Amino acid sequence: MRSLIWNFFAVAAVAAAAIGFEAGYMAPGDAFFIAFTVLTLYTAGHLIAREEQPLGEALASIFVKPGGQKWSVSHFSGLLVTGLGTGVVAHSLTFI
């Protein structure tokens, strides 16, 4: 249950940063900080769960080979957080 709440929070935080930044309610630096922080913590949490694997295999298992169910909530939210977070970070860097 805690994983489901964390996944929902991560997607909601990055989506709020993206919407706020694109609508002009948030400064580029604030959007960058929120998106980069959530993206870093989200990826770190998944890497800690796979600490016994080499780094390359752990990254591949997060994004490419999610395990049993291909489109589980964790995998789908990981793709959303990565895509939105990277987009916000890249776009906000053009304004900073």
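The rules behind these values
Residues numbered from 1 in each chain as written. Predicted model: local features only at pLDDT ≥ 70, side-chain atom pairs only at ≥ 80, totals over all residues. Heavy atoms only, no water. Core = buried A, V, L, I, M, F, W, Y, C linked by side-chain atoms within 4.5 Å. Buried < 20%, exposed > 50% of the residue type's maximum accessible area, 1.4 Å probe, protein only. Helix = DSSP H or I, 4+ residues; strand = E, 2+ residues; numbered from the N terminus. Contact = heavy atoms within 4.5 Å. Arc of directions from axis to C-beta. Phe/Tyr/Trp six-rings, centres within 6.5 Å; stacked < 30°, edge-to-face > 60°.

Enquirer: Could you give an account of the nonpolar core, with specific residues and numbers?
Expert: Membership of the largest hydrophobic core is limited to seven residues, which are Ala 10, Ala 13, Val 14, Val 38, Leu 39, Tyr 42 and Val 81. When contributions to this core are tallied by element, the ones reaching two or more residues are helix H1 (2–23) and helix H2 (28–49). Excluding residues that lie within four positions of it along the chain, Val 38 makes contacts with Ala 10, Ala 13, Val 14 and Val 81.

Enquirer: Describe helix H3 (residues 55–63), and please don't skip the residues or the numbers.
Expert: Turning to H3, its buried residues are Ala 58, Ser 61 and Ile 62. Projected down its long axis, H3 shows its buried positions confined to an angular sector of 105°, all on one face. Looking at the buried residues of H3, the elements they touch are H2 and helix H4 (73–93).

Enquirer: Mind laying out the packing of aromatic side chains, listing which residues take part and the relevant values?
Expert: With the rule as written, the count across this model stands at four aromatic pairs. Their ring planes at 5° and their centres at 5.7 Å tell us that Phe 32 and Phe 36 sit as a pair that is stacked. Within this pair, Phe 32 and its partner Phe 36 are both found in helix H2, separated by four residues, close to a single helical turn. Using a relative accessible area of 24% as the deciding quantity, one classes Phe 32 as partly exposed. Judged by its relative accessible area of 44%, Phe 36 falls in the partly exposed class. Ring pairing ties together the aromatic residues Trp 6, Phe 9 and Tyr 42, which thus form one cluster.

Enquirer: Could you give an account of the environment of Val 11, with specific residues and numbers?
Expert: Counting through the fold element by element, Val 11 comes out in helix H1. Considering only alpha carbons, one finds Val 11 and Leu 84, 73 residues apart in sequence, at a separation of 8.5 Å. Apart from residues no more than four positions distant in its own chain, Val 11 is found in contact with Ser 77, Leu 80 and Val 81.

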